[in-house]
Amino acid sequence: MCIMNVLMFVRSCGYADNEILKPSKKVPEEGFLTSSRCKLHYKYLNQGIKGKNPLVLLHMAPRSMDEFKEFIDEMAKNRDWKRPVILFDLPGYGTSDRLKDIPMKRLSDEILTGLRSLGIRSKVDIFGHLLGAHVAMSMASRKPKRVRKLALADPIYLTAETREMVADWAKSAPKPQVDENGAFLGDIWNKRSQFVPPDLNYRCVMDELRAADTEDSSSFSVSKTPIEDILPKVKAPSLVLWSLGVVGLFDSFGWKIGENRALVETGLPKADVIEIADANIDGLCTQTSAYSDPVFAYLES
C-alpha cells in the first residue's frame, strides 16, 4: 500500500486554513504563495527591519523550514543579527505542494518566483543546507544580480560517476510500507532516536511523513544536475561549512564527498571554508551555534 494516501492528513495538519496569496504589498508573516507552478509555503519574519539584506533559509531533505527553528532562536538572541528572514518549504517538502523528480533549475526558479511574489526586490543572502545549498547555488548561478552572499552547509560535489551512484541509491532505497500495527512508524522513529532528543526526533519524523512520497526527489534533483556547470556561473562570495560527520556518512556510501570537497571550494569564485567537527546530519538543530556564529559573522563582514 502506498504511504502517500494514508498520510495526507499528516501533511496538511496545521496549515489547512492558510490563505493562498497572490503578489501583494502587504504580506502576512506566514502563508502560501502561488509561485510559477506550485503552492509554496513561506514565512517572512522581521519585515520591519530596514537597511539589511534579507536572509533566505533553505532546508535539507526530507526536512522542512522547521530545520531552522533553533537557528532562528539563536538569531533572536543577538540584536546585531536581526534582519528580514524568509523561509520556504521547498517544493515536495513540508506543506508546499508535492512535486516529484524536480530539476534543480525548476527548484531554484520556484524560490526566485516566491521572492518576487513577496515583493523582495533587493539582493538577498542565502543560507542553504545540503539540498538547500544546491538550490542556493543554482539561484546564484541563474540570477547573480539577485544574490549578495551565500552560506552553504555541506554543498556536496558529485562527479558523473557519483551522480549515477546517488541516482541508483535513490531508486533502490526501501520505502516505508503501511502495516496494520503501525510498525513502520517505529522504524522511522528509531532511525534517529539514538542521535537526537525526542522532541527533535518528533519534528524530523513529521517532516519525513509529509515528504514520504517525494523524499528521494532531492537525490534526483542533485544527481541530475552537473555541479561543474553551476559553480562557474556563481558570482557571489561564499562561506562553505563542512559538517565532518555528514562528509563521513556520505563517504561510507562511496560518494567520495571528502575527496571531492576541494572542487566546491576552488570552483566557487570567493569561498571561505569552515569545518564543524562531529556534526551529524541534524547538526544545524543540535549544534546550532557552530553554524549560526560563523554564518552571521560572515554575513555581517
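Counting restarts for each chain: residues are numbered from 1 in the order of the written sequence. Thresholds applied to this predicted model are a pLDDT of at least 70 for local features of residues and 80 or more for the giving and counting of side-chain atom pairs; totals over whole chains, interfaces and linings are not thresholded and use all residues. Only hydrogens and water are set aside when side-chain values are computed; all heavy atoms of the structure are taken into account.

Engineer: Teacher, can you tell me more about the side chain of Ser-223 here?
Structural biologist: Helix and strand definitions follow DSSP, with helices as H or I runs of at least four residues and strands as E runs of at least two, each counted in order from the N terminus. The topology assignment puts Ser-223 in helix α9 (residues 217-223). Leave out the neighbours within four places in its chain, and Ser-223 touches Arg-163, Val-166 and Ala-167. In this analysis, two residues are considered to be in contact whenever any of their non-hydrogen atoms come within 4.5 Å of each other.

Engineer: Would you mind going over the packing of helix α3 (residues 69-77) against helix α14 (residues 288-300) with me for this structure?
Structural biologist: In a packed pair of helices, the relevant descriptors are the angle between the two axes and the axis-to-axis distance. Throughout, an axis means a line fitted to C-alpha atoms (over the contacting stretch in the case of helices), and angles, computed between N-to-C directions, take values from 0 to 180 degrees. At a minimum axis separation of 10 Å, α3 and α14 run at an interaxial angle of 55 degrees. Relative to α14, the element α3 is oriented oblique. Both α3 and α14 take part in a crossing whose hand is right-handed. Residues Glu-70, Phe-71, Glu-74 and Met-75 of α3 pack against Thr-288, Ser-289, Ser-292, Val-295 and Phe-296 of α14. Think of it as three bins: nonpolar holds Ala, Val, Leu, Ile, Met, Phe, Trp, Tyr, Cys and Pro, charged holds Asp, Glu, Lys and Arg, and polar takes everything else, Gly as well. Looking at the contact of α3 with α14 residue by residue, the classes come out as 4 nonpolar, 3 polar and 2 charged. Each angle is binned into one of four classes, with values under 35 degrees roughly parallel, values over 145 roughly antiparallel, values of 65 to 115 roughly perpendicular, and all other values oblique. Crossing handedness follows the turn of the near helix against the far one: under a right angle anticlockwise gives a left-handed crossing, and clockwise gives a right-handed one.

Engineer: What am I meant to see in the nonpolar core here?
Structural biologist: What we call a nonpolar core is a set of buried Ala, Val, Leu, Ile, Met, Phe, Trp, Tyr and Cys residues that are connected through their side-chain atoms within 4.5 Å. We call a residue buried when its accessible area falls under 20% of the maximum for its residue type, exposed when it is over 50%, and partly exposed in between, using a 1.4 Å probe and counting protein chains only. Membership of the largest hydrophobic core comes to 56 residues, with the highest contact counts inside it found for Leu-58, Phe-88, Leu-118, Ile-126, Leu-131, Val-135 and Leu-150. The greatest single-element share of this core, amounting to 7 residues, is contributed by helix α5 (residues 131-142). Excluding anything up to four places from it in sequence, Leu-58 contacts Phe-68, Phe-88, Leu-90, Ile-111, Ile-126, Phe-127, Gly-128, His-129, Gly-132, Val-135, Ala-136 and Met-139. Judged by nonpolar contacts, the second largest core, of 24 residues, contains Leu-45, Leu-57, Phe-127 and Leu-239.

Engineer: Got a minute to help me understand the side chain of Asp-89 in this structure?
Structural biologist: Within the element layout of this structure, Asp-89 appears in the loop between β5 (85-88) and α4 (104-117). For Asp-89, a relative accessible area of 2% translates into the label buried. At a separation of 3.0 Å, a polar atom in the side chain of Asp-89 contacts the main-chain amide nitrogen of Thr-95. In the analysis that follows, any N or O atom pair within 3.5 Å is treated as a polar contact, provided that within protein one partner can donate a hydrogen and the other can accept it, and provided that, for residues neighboring in sequence, both atoms belong to side chains.

Engineer: Sorry if this is basic, but what is going on with the pattern of salt bridges here?
Structural biologist: A side chain with one charge can pair with a side chain of the opposite charge if their charged atoms come near. We define a salt bridge as a contact between a side-chain nitrogen of Lys or Arg and a carboxyl oxygen of Asp or Glu at a distance within 4 Å. A complete count under the given rule lists 20 salt bridges for this structure. Residue Arg-106 pairs with Glu-110 through a salt bridge whose shortest N-O separation is 3.4 Å. Taken as a pair, Arg-106 and Glu-110 lie in helix α4 at a separation of 4 residues, close to a single helical turn. The exposure class of Glu-110 is buried, given its relative accessible area of 0%.

Engineer: I keep staring at a nonpolar patch on the surface and nothing clicks. Help me out?
Structural biologist: Patch members must show over 30% relative accessible area and no salt bridge, and they are joined within 9 Å when carrying like charges or within 5 Å when they are nonpolar side chains of Val, Leu, Ile, Met, Phe, Trp or Tyr. Areas reported here follow the Shrake-Rupley algorithm with a probe of radius 1.4 Å; residue values treat only the protein chains shown as occluding. A contiguous nonpolar patch, built from Trp-169, Leu-249 and Phe-253 and spanning about 260 Å² of accessible area, is present on the exposed surface. When you line up the elements, Phe-253 lands in the loop between α11 (244-252) and α12 (257-267). Given the relative accessible area of 36%, Phe-253 is considered partly exposed.

Engineer: Hey, could you run me through the environment of Leu-107 in this one?
Structural biologist: Looking at the secondary structure, you find Leu-107 in helix α4. Excluding its chain neighbours within four sequence positions, the residues that come into contact with Leu-107 are Pro-91, Ile-102, Leu-131, Val-135 and Ser-221.

Engineer: Just to check I follow, could you spell out unusual backbone geometry for this structure?
Structural biologist: Leaving glycine aside, a negative phi is the common case for residues, and trans is the common case for peptide bonds. Following Ala-61, the chain continues into Pro-62 via a peptide bond in cis, with omega recorded as 0 degrees. Position of Pro-62 relative to the elements: it lies in the loop between β4 (55-58) and α3. One non-glycine residue with positive phi stands out, namely Leu-130, at about 50 degrees. Inspection of the secondary structure puts Leu-130 in the loop between β6 (124-129) and α5.

Engineer: Could you clarify how one ought to interpret the environment of Gly-128 in this entry?
Structural biologist: Tracing the sequence through the fold places Gly-128 in strand β6. Put simply, Gly-128 and Ala-153 are 25 residues apart on the chain and 6.2 Å apart in space, counted from C-alpha to C-alpha. Those residues within four positions of Gly-128 in sequence are excluded, and the remaining contacts are Leu-58, Ala-133, Ala-151, Leu-152 and Ala-153.

Engineer: Any chance you could explain the packing of helix α7 (residues 183-192) against helix α8 (residues 198-210) here in plain terms?
Structural biologist: Two elements in contact, α7 and α8, have axes whose closest approach is 9 Å; the angle formed by their N-to-C orientations is 125 degrees. Relative to α8, α7 is oriented oblique. Where α7 crosses over α8, the two elements pack in a sense that is right-handed. Across from Phe-184, Leu-185, Ile-188, Trp-189, Lys-191 and Arg-192 in α7, the residues of α8 making contact are Pro-198, Asn-201, Tyr-202, Cys-204, Val-205, Glu-208 and Leu-209. For the contact of α7 with α8, the per-class residue count stands at 9 nonpolar, 1 polar and 3 charged.

Engineer: Explain α8 to me, please; I cannot follow it from the model alone.
Structural biologist: Each full turn of the α-helix corresponds to 3.6 residues, which orients residues three or four apart in the same direction. One fewer than the residue count of a helix, multiplied by 1.5 Å, yields its expected span. Taking 1.5 Å per residue as the helical rise, α8 with its 13 residues ought to reach 18 Å, and the 18 Å between its terminal C-alpha atoms agrees with that figure. The complete set of buried residues in α8 reads Leu-200, Asn-201, Arg-203, Cys-204, Val-205, Met-206, Asp-207, Glu-208, Leu-209 and Arg-210.

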